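# Close look at the chain arrangement
Here is how the chains run, residue by residue.
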Amino acid sequence: MGEIVNLNKARKARHKAAAKRTAEANRLTFGRTRAERETTQKERDRDAARLDGHKLDDDTNA
């Protein structure tokens, strides 16, 4: 005969594991300091400005 399983405990354990996975994903997504976010934003802005500066003028419609 198989082992007796308390379905309430199994359900709660399953929900707890799902919450742990969600929390881990959120830590990876949102777990950065303000300084890190600002540094990343400054790098993106600098890269965008550099790319715009290297674009050629399009004089085909003139």
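Right, let's talk about the overall build of the chain for a bit. When helices and strands are counted, the chain shows two helices and zero strands. Relative to its length of 62 residues, the chain is extended, with a C-alpha radius of gyration of 26 Å against a globular reference of 11 Å. Along the first, second and third principal axes, the C-alpha atoms of the chain reach 85 × 35 × 15 Å. Here the chain, with 62 residues, has 2% of them falling under the buried criterion. When the accessible surface of the chain is totalled, it reaches about 6,400 Å², and 53% of it is carbon and sulfur.

Time to look at the pattern of salt bridges. Within the structure shown, the criterion is met by three salt bridges. With a closest N to O distance of 2.7 Å, Glu24 and Arg27 form a salt bridge. With Glu24 and Arg27 both in helix 1 (residues 7-30) and three residues apart, this pair spans about one turn of that helix. Arg34 is paired through a salt bridge with Glu38; the nearest N and O atoms lie 3.0 Å apart. Of this pair, Arg34 and Glu38 are both found in helix 2 (residues 34-53), four residues apart, which corresponds to roughly one turn of the helix. Overall, Arg34 belongs to the exposed group, its relative accessible area being 59%. Among the residues examined, Glu38 registers a relative accessible area of 40% and is labelled partly exposed.

About the cut-offs
Per-chain numbering applies: the sequence of each chain, read as written, is numbered from 1 onward. Reporting in this predicted model follows two pLDDT cut-offs: at least 70 for local features of residues, and 80 or more for side-chain atom pairs to be given and counted; totals over whole chains, interfaces and linings ignore these cut-offs and use all residues. Side-chain measures here rest on the full set of heavy atoms in the structure, leaving out hydrogens and waters. Only runs of H or I of at least four residues qualify as helices and only runs of E of at least two qualify as strands under DSSP, and these elements are numbered from the N terminus. For a compact globule the rule gives 2.2 Å times the number of residues to the power 0.38, and the radius of gyration it is set against comes from C-alpha atoms. Categorising residues by exposure relies on relative accessible area from a 1.4 Å probe, with only protein chains included: less than 20% of the type maximum marks a residue as buried, more than 50% marks it as exposed, and the intermediate range marks it as partly exposed. The Shrake-Rupley method, run with a 1.4 Å probe, gives the accessible areas here. Residue values count only the displayed protein chains as cover. Should a side-chain nitrogen of Lys or Arg be within 4 Å of a carboxyl oxygen of Asp or Glu, the pair is scored as a salt bridge.

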